[in-house]
Amino acid sequence: MENATILTIKELVNKGRAVTGASSLFSSAASHSSSESSSKNPNSRPGSFDSDLTCKFLAPLSHPAVIVGTISLPSKTLICPNRYCFRFSDGDLTICCDILRFEIRAIGSKICVLSWNFLPMKHCGGFLEIIKWKFMDTGNLLSRCSGIGSFPLFPSLFPSRNGDRKSRYCVHGVLESISPVSVVSCMDGESSDSVNLPGFLVHVMACECKAYSQNAAVGCSHAFEKSAFVYFCGLVVTSWHPAIRKLVGRNVALSGLKKKMIYVRGDSLLVFVTTESSVLHPPCISKKQIVLKTVVDRRGNCGSYLGFVKGVYLKGKLVEMDEDVWLLLTDQILNRSHSIRTGSLICIRNVHFVNTKFSWGEVLILGACFKTSITVEFFSPFETSCLVDSCRQNSLSRFIESLSFPARFWALLVRSCLQKFNGIPSEKEILRSCQKDELTKMYAESQIPSFMFQPRGGIFTEFCMHESCGCNSEAHDCNLKLVMSISSFVQHYKVMLNELLSQINKNSSANNCLSHSSSTWKRDNHTNTKTLGSDDIGVILLGKLKISSSGRLQLHDRTSSIDVLTPDLLSDRNAHRIFEVSDYNLIMEGLPESMLHMPFLHNSLRCRNVVNPTPLAIENTLTVRFSLSLGTGSCKQVYGHHSLDWRHDLNEFKGGRFHLFRLTHKFPMLKNGHPGMPDCTSVFVEAIVLPLELICSVTEEDAAAPYFGEHDTSQEIRPHKRCKTNNGLQRERALSVPHEISCQMTIRCASSHCLVSAATLSNLKEKKSGNMLSAKRVLLEFIPECSNYYQALQIGGCYLMKHGTNDSFCAGRSGISNNDKISFRPETRLWSVEFSFDEDLTHDGSVDVYPLVSSQPSLVEKQHVSSPQPCSDVSLLLPYDAKGLFSVFLKNLEELNKPYAAGKNNNNTSCCTHLETIMQAEPSLVPPSNSLFPEGNLASFRGDVVAVDAVTSSVVDVSSSYCINVLVNHQIVKIFGPLRRHSYLTGFGPGASATFYRILGTGEENRFVLTSASFIKINSRKASDGRQLEKPAHQAALCLPKVTPQEYVPCMLAGPPACNSFSGNKDNQQIKSACKVLSVYLLVLQTRSDDPSENECRNNFDIPLAGFVVDDGSSVYLCWTSGERAFTILRLHEALPEEDIDVAQWTKRDSGRETTAYHLEQIVRVHKRIVMKCNGSQIDTLFRDITVAVTSDQLLAKSEDTFLKWLIPNAISGPLWEVARSSMDMKMIAHLEREQCVEMDTSRLNLQNVWGNEVSQVDPLVRAWSLLQGLLNS
Amino acid sequence: MANSQMGPGAPITLQELYPSSPFYKEAVSLRVTGMLRGYSVETAIGVIEDGGKSLRINTQNLRDVSFRVGSIYQFIGELHIEQSYNEAILQARTGRNVDGIDMNLYRKTVELLRQFLKEEGNSNMVE
């Protein structure tokens, strides 16, 4: 103390640095005999503040320092936004302050501040937190605990005015609660003007004894049972508010009060009012215990809560206390202390405890009302910013105040989420804070149910009649969905997946410590997806839609963005509109295989992540791509102020003329991947320009008075004009386009403003050649700057483009002719347009109403019911007789050469009973074609993607090739193509409903090839949990195999197995050697007996002949064998490897029987006899062309086919076999061929043919030891 | 690798690698086998152990070898003796996982191989 320098406030303010200081450093604290040397030392963290906050501690001063000055009540000399806080002045400067262990006597006295925090503040220089202090005048210390002393509320200019008889009442009791300061307008007695008098209410549980005796010791046998209210009235008395607030919970006495009867809600209430002679008698200071953890004292719904502040958000309206405990300080009138900072220990008295279950999790809300008072018990040791009430009362805060606590909390979360839409400075339309408030209010109003609104009764009602005014009744369950920023949302699922991953790793390491967990991810897992529905997630996302540089449609906010897949969308031109996405599926692509079958953890979402999105440090081992698949009509616009916007929209239409064109094809983006083709940055679409132009007759008045809402637009309001067809139409319709068609035009603006106007479709005039007579097909080129348009355009959609001298269609040309290449200009605007025809005007699903262009309703479509509401920018109502004309232009593009329905094929296949049907294996890239380029008819159709398989082959060239299995009209269609990674579309994969445009038919039934001009559009995605496994049902397989009725060979299977003929053949010399299987050459599988009862036995099938290509280290042989030996080499008695994806369904189905033989038997039993042949001409390329032939009327399912082919790699990956072989001559081969009715084709590979007599497994170790022994002995 | 003449990695067991051993020389090429006891990703130094002896392996030049403690690995490389500590470290040229190897058999094979090479060398000398 002696060494301490005395700092002035000026020094502190001028430095402008947050510091902490004390009269003594380190050791002296102990000698100071105070047990309360708590939060001062910056290095001592409060015990239970288990914070993961990364707060900086306040910088301590390097030398001991004290501050000397006086504490005073708030006055007008210093304007602080928080209004009622203590002031500290050293004579030179005055700043705001807060003080621990406050005593009334300190007011006005000169004190020495022994330890303190100083925080700079913009408003009034700084804020001083007084931790320890003492009176400068040491004599006063004696009276510290005496309780004696009285403080007149008015400055005692006039010592005694006790003569006033009215002001003779006194109240003595426990100060229960204090209200915030409010202003009451009242009539001054002397003048007739009304004056605004500030004041506040205090609730005291008083003792009923008549008079307060100054001599009576506090703590006597008073019974504090009577509820009394004291109103502190007037400007001067109100300045006592911070001092009285410090006394809540303590014993006080007030004398010199007068009684007043007030009327609150019809009830009369006795209130004591302060007078000029009122005197405050402060209590004795009793030592409190240091509390270092959360203390909750609850009585009913109200109680007090003591805890550390973990975060202050939204200008102090939302304070995070403990995990999932949130303090709401929404009432604007509430007094927020500067010292409520992150890290401070606060005591909240008389706060509402509202346990609320939201759809995303449970939260304890501490709702502050007018009775609530907050005192800071310990100041925060961190350098965190002070709370400053800067926001004024606005419509949002008024709105929030009218809600129940859970709804208030929700609305604040929305507000904090919208915070993320802070405008990028370059944007013209910056959503300023107040606009965001408006937006929040509008959005919240539309979401919050009416019962969550709560009428407010004003400060007197709510304070004095707290229990009865409804402040108690709270709705505890709340089905409001959490609104989250995209980054928090994605972050949440990343964290969840990581947790799941670590759990899996733990499990797998427990099971099998040798398995290398990380290697499992390295596989190409792009088709492993998992989908979660929005109902399970319970989160609403808000964002703007944009198209990213990579060409994907994304929902983005300031924090992040997420890929979006949407069935239909307004061709939205304004990137500033905020959409609400509530109905969606979250698609997680690229999950590890092991994760697919794990149930997802249900982590409740933390509100903290919403208000304070801090990227957690996650070791990102997963590369999971997230995307959203939007449900129909899920993407609502959050309505905001767009009046400028729609007026601008409508102005565009005023008297304008528009080109009409229809998109017939979009060519995919060519991204540096096509060999032999130069890099092309432009994208192209094919369009048909209709020989009509739209002349719009919107006038100024029309534009000025648009209608709201979709449904009550058009016809009822406006006298419906019967649209007349020009007389010429009747005559010329058959030949060409009529000159003029009048129609009715409805223009929709984004904010549900609608405008109905008359318009005319007239023959398009061209500069030189006069009228354009027929539709022209053109190629539109979009330079990269226009690629937004490219994404938004839909094949089959019609669009309007403003006609002018400088538009894309007119600029620099006299007329449009077929196959013109037209560059799209970046400044051009497009509107989507739809047509409906006069006869049926209703909008609910009538056939005649648009969409004309969409396909016929099929089963596929019914699963994804499209929105009944029209969603184009402009709709045109045309006379019915124009329909014929338009149907030529608007013919369906989605069903070109569509595969036949399954029913037609049924007859054909049933004819092929007992035919040996041969199924061609998937060719490597393109089904064989004789010509250099593939030939065939182009087709377009829509279907459900069942599976996307990489065409497995050991040949490197074709490994990038894919086969897409699509279900169209209940039949599987295979589409082959180089679907490269970069062109991999968002959301594409099993479960997607997609339309394939211009794919090439191969001439083979239900086989198509994607060409470089083909385009895939994804219509929707089904929610699916995990992989969709193809059922081996025969229906699905009906159209799979190609029926070639050429090789009908009746098989006579009687007689001994083939091997018997050779087992006795001892003429041949038998050689034993260790061999490795290189490939399977031929495999014949058949049932042993036709008797079905015998078929129940295990392994009731036989391999009468099998050919393997084997290598014994010195040469390669074609080794033929049969029966058990073939079983051994094929490893049929071994269990199926579990990880094998292709056979997963088999193991699942019969989990009890795991061997390969068992599953093979199921197939053989159905098909009686199966011949599998590898037709390649080289050993390496044997797998390229595998044929599987079956002898039954059943067709081979895709899965069965896969399984049979899987036998080959399974055999190759087997161990070394010791084979005793003998050579075969031509006679033997011919005999075998005759007997087995197969062509063995032994000469193709030019290998020596041998017969395997014995097969046994070689243990390499045993072999090695025996070799070693042999060598050592020799 | 100042030595342009890089020799073949002579297969040895770790027990044979003691300071007075003929293999314990700077820049001698060796083929060593042992169980991976530890591996530091930061320094790319692993420690293999066999028969109670251990050796540090510098794997910074290796690619496509995934290291798992507890597996058996074989490395070919040059021995480097850090003078200050007199401690040997193998600068691995190549390495592989040889899980499933029978170390007893391997030791015997190494002996047999040496014996064979010695005889071969002797017979060459005679000629």
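Residues numbered from 1 in each chain as written. Chains lettered and ligands numbered in written order. Predicted model: local features only at pLDDT ≥ 70, side-chain atom pairs only at ≥ 80, totals over all residues. Heavy atoms only, no water.

## Describing the overall build of chain A
Operational definition: A run of H or I in DSSP becomes a helix once it reaches four residues, and a run of E becomes a strand once it reaches two; helices and strands are each numbered from the N terminus. Residue exposure (1.4 Å probe, protein chains only): buried if accessible area is under 20% of the type maximum, exposed if over 50%, otherwise partly exposed. In what follows, residue pairs with any heavy atoms lying within 4.5 Å of each other are defined as contacts. The method behind every accessible area is Shrake-Rupley, applied with a 1.4 Å probe, and residues are considered shielded solely by the protein chains displayed.
The number of helices and strands found in chain A is 28 helices and 58 strands. By the burial criterion, 53% of the 1274 residues in chain A qualify as buried. Partitioning the intrachain contacts of chain A with sequence separation of at least 6 by distance along the chain shows that 77% fall at a separation of at least 24. Surface exposure of chain A reaches about 57400 Å², of which carbon and sulfur atoms provide 52%.

## As for the overall build of chain B
Helix and strand content of chain B: one helix and six strands. Ordering the α and β elements of chain B from the N terminus gives β-β-β-β-β-β-α. Counting the 127 residues in chain B, one finds 37% classified as buried. Long-range contacts, defined as pairs at least 24 residues apart, comprise 55% of the intrachain contacts of chain B with a sequence gap of at least 6. For chain B, the exposed surface amounts to about 7600 Å²; the carbon and sulfur share of it is 51%.

## What to know about the nonpolar core
The nonpolar side chains of soluble globular proteins are, as a tendency, buried together. All names here are of chain A. Condition: The term nonpolar core refers to a set of buried residues drawn from Ala, Val, Leu, Ile, Met, Phe, Trp, Tyr and Cys, joined through side-chain atoms within 4.5 Å.
Residues L318, F409, W410, F489 and L586 are the most contacted members of the largest nonpolar core, which totals 67 residues. Contacts of F409, omitting those with residues within four sequence positions, involve L318, W326, L328, F358, W360, V363, I365 and C607. The next biggest cluster of nonpolar side chains, apart from the first, holds 58 residues, and it includes F1108, Y1117, L1196 and V1250.

## With respect to unusual backbone geometry
Residues and elements named next belong to chain A. Although it is not a glycine, R101 sits at a positive phi angle of roughly 50°. Along the chain, R101 falls in the loop between β6 (94–99) and β7 (110–121). For K1168, which is not a glycine, the phi torsion comes out positive at approximately 65°. In this fold, K1168 is placed in the loop between α25 (1156–1167) and β55 (1169–1174).

## Some points on the pattern of salt bridges
Residue and element names in this part refer to chain A. We apply this condition: Put simply, a salt bridge is a Lys or Arg side-chain nitrogen that is within 4 Å of an Asp or Glu carboxyl oxygen.
Under the criterion given, the structure shown has 18 salt bridges over all chains. A salt bridge links D98 to K246; the nearest nitrogen and oxygen atoms lie 2.9 Å apart. Pair noted here: D98 is in strand β6 and K246 is in the loop between α4 (241–245) and β14 (251–264), with a separation of 148 residues, a long-range link. For D98, a relative accessible area of 8% translates into the label buried. Taking relative accessible area as the criterion, K246 reaches 16% and is therefore assigned buried. In this structure, the salt-bridge partner of R1221 is D1112, at a minimum N-O distance of 3.5 Å. Separated by 109 residues along the polypeptide, R1221 in strand β57 (residues 1217–1223) and D1112 in the loop between β53 (1101–1111) and β54 (1116–1121) bring together distant segments of the chain. A residue is classified by how much of its surface remains accessible, and R1221, at 9% relative accessible area, is buried. Looking at D1112, the relative accessible area reads 18%, which means it is buried.

## As for the packing of aromatic side chains
All names here are of chain A. Here is the rule: Between 30 and 60 degrees the pair is tilted, below 30 it is stacked and above 60 it is edge-to-face, where a pair is any two Phe, Tyr or Trp rings, Trp via its six-membered ring, whose centres lie within 6.5 Å.
Tallied over the entire structure, the rule returns 21 aromatic pairs over all chains. Ring geometry for F489 versus Y493: centroids 5.4 Å apart, planes at 65°, classification edge-to-face. On the criterion of helical spacing, the pair formed by F489 and Y493 is a turn pair, its members being four residues apart in helix α9 (residues 486–511). Given a relative accessible area of 1%, F489 falls into the buried group.

## Side note on the confidence of the model for chain A
Residues and elements named next belong to chain A. Going by this rule: pLDDT expresses how confident the predictor is about each individual residue, on a scale running from 0 to 100.
Mean pLDDT over chain A: 69, with 63% of residues reaching 70 or higher. Within chain A, β54 carries the highest mean pLDDT (90), whereas helix α21 (residues 1034–1037) carries the lowest (26). Throughout residues 423–431 the model reports pLDDT below 50, and contacts reaching past four residues in sequence, or to other chains, amount to twelve contacts. The low-confidence segment residues 513–526, where pLDDT is below 50, has 23 contacts with residues more than four positions distant or belonging to other chains.

## A few points about α25 of chain A
All names here are of chain A. Keep this limit in mind: Expected helix span is computed as 1.5 Å times (number of residues minus one).
Between its first and last C-alpha, α25 extends 17 Å over twelve residues, near the 16 Å set by a 1.5 Å rise per residue. For α25, the full list of buried residues reads T1156, A1157, Y1158, H1159, L1160, E1161, Q1162, I1163, V1164 and H1167. A positive backbone phi angle near 65° is found at K1168, which sits one or two residues after α25.

## Remarks on the interface of chain B and chain A
Reports of interface size often rely on the accessible area that becomes lost once the parts have come together. What counts is decided by this rule: By buried area we mean the combined loss of accessible area, with a 1.4 Å probe, across both parts when two parts are placed together. Within 3.5 Å is the distance limit for a polar contact, defined as a pair of N or O atoms, with the added protein rule that one can donate a hydrogen and the other accept it, and that residues adjacent in sequence qualify only through two side-chain atoms. Polar here means any residue other than Ala, Val, Leu, Ile, Met, Phe, Trp, Tyr, Cys and Pro, which are nonpolar, and Asp, Glu, Lys and Arg, which are charged; Gly is therefore polar.
At the junction of the two partners, chain B supplies eight residues and chain A supplies eight residues. Summing both sides of the interface, chain B and chain A together bury roughly 800 Å²; the carbon and sulfur share of this comes to 76%. Looking at the side of chain B facing chain A, the largest losses of area belong to R68, L105 and L112 of chain B, adding up to 59% of the total buried there. Taken together, the connections running from chain B to chain A amount to one residue pair in polar contact (both at pLDDT 80 or more). By residue class, the composition of the side of chain B that touches chain A is two nonpolar, three polar and three charged.

## With respect to the environment of A10 of chain B
All names here are of chain B. Here A10 lies in strand β1 (residues 10–11). Separated by 13 residues in the primary sequence, A10 and F23 have C-alpha atoms spaced 8.8 Å apart. When neighbours within four sequence positions are excluded, A10 is seen to be in contact with F23, S29, L30 and R31.

## Side note on the pairing of strand β4 (residues 65–72) of chain A
When a strand is regular, its side chains alternate between the sheet's two faces. All names here are of chain A. For clarity, the cut-off: Here a strand pair is declared whenever DSSP counts at least two bridges between the two strands.
Counting buried positions along β4 gives six out of eight residues, so the element sits mostly inside the fold. The pairing of strand β1 (residues 5–7) with β4 spans three bridges and is classified as parallel. When the sheet's bridge partners are listed, T5 is paired in β4 with A65. Two strands pair when backbone bridges link them, and β4 and β7 are joined in this way by four bridges, in the antiparallel orientation. Counterpart to T70 in the pairing with β7 is K110. Note: β4 against strand β5 (residues 86–89), three bridges, orientation antiparallel. Across the sheet, residue S72 finds its bridge partner in β5, namely R87.

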